[in-house]
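The chain contents come next:
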Amino acid sequence: MEPLKVITCDCGFEAVGTEDDLVVIIQAHERDTHGLEISREEVLALASPVDPGGEG
């Protein structure tokens, strides 16, 4: 199973998923919400591993 990663946008939007999932989700968010185009490489550079212990 591919490890999950997380990206939190400056606007507060958060996405969790595999690298492929995040590319699709974040590219759509940036385009639809902020009017920006972002490359796969830029998306992946923003991704952090999900903490397996979670928060709370």
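Residues numbered from 1 in each chain as written. Predicted model: local features only at pLDDT ≥ 70, side-chain atom pairs only at ≥ 80, totals over all residues. Heavy atoms only, no water.

(A) Summary view of the environment of lysine 5. By secondary structure assignment, the location of lysine 5 is in strand β1 (residues 5-8). Each C-alpha atom of the pair lysine 5 and histidine 29 lies 16 Å from the other, and the pair is 24 residues apart in sequence. In contact with lysine 5, not counting residues within four places along its chain, are Ala15, Val16, Gly17, Glu19, Leu22, Ala47, Ser48, Pro49 and Val50. Of the polar contacts made by the side chain of lysine 5, one reaches the side chain of glutamate 19; its length is 2.9 Å. (Helix = DSSP H or I, 4+ residues; strand = E, 2+ residues; numbered from the N terminus. Contact = heavy atoms within 4.5 Å. Polar contact = N/O pair within 3.5 Å; in protein donor to acceptor, adjacent residues only side chain to side chain.)

(B) Region of the structure containing the pattern of salt bridges. By the definition in use, this model includes three salt bridges. Of the charged contacts, one joins lysine 5 and glutamate 19 as a salt bridge, the two residues approaching to 2.9 Å between their closest N and O atoms. Residue lysine 5 is located in strand β1, and its partner glutamate 19 is located in helix α1 (residues 19-34); the two are separated by 14 residues in the primary sequence. The partner of aspartate 20 in a salt bridge is arginine 40, and the shortest N-O contact between them spans 2.9 Å. Of this pair, aspartate 20 sits in helix α1 while arginine 40 sits in helix α2 (residues 40-46), and the two are 20 residues apart along the sequence. (Salt bridge = Lys/Arg side-chain N within 4 Å of Asp/Glu carboxyl O.)

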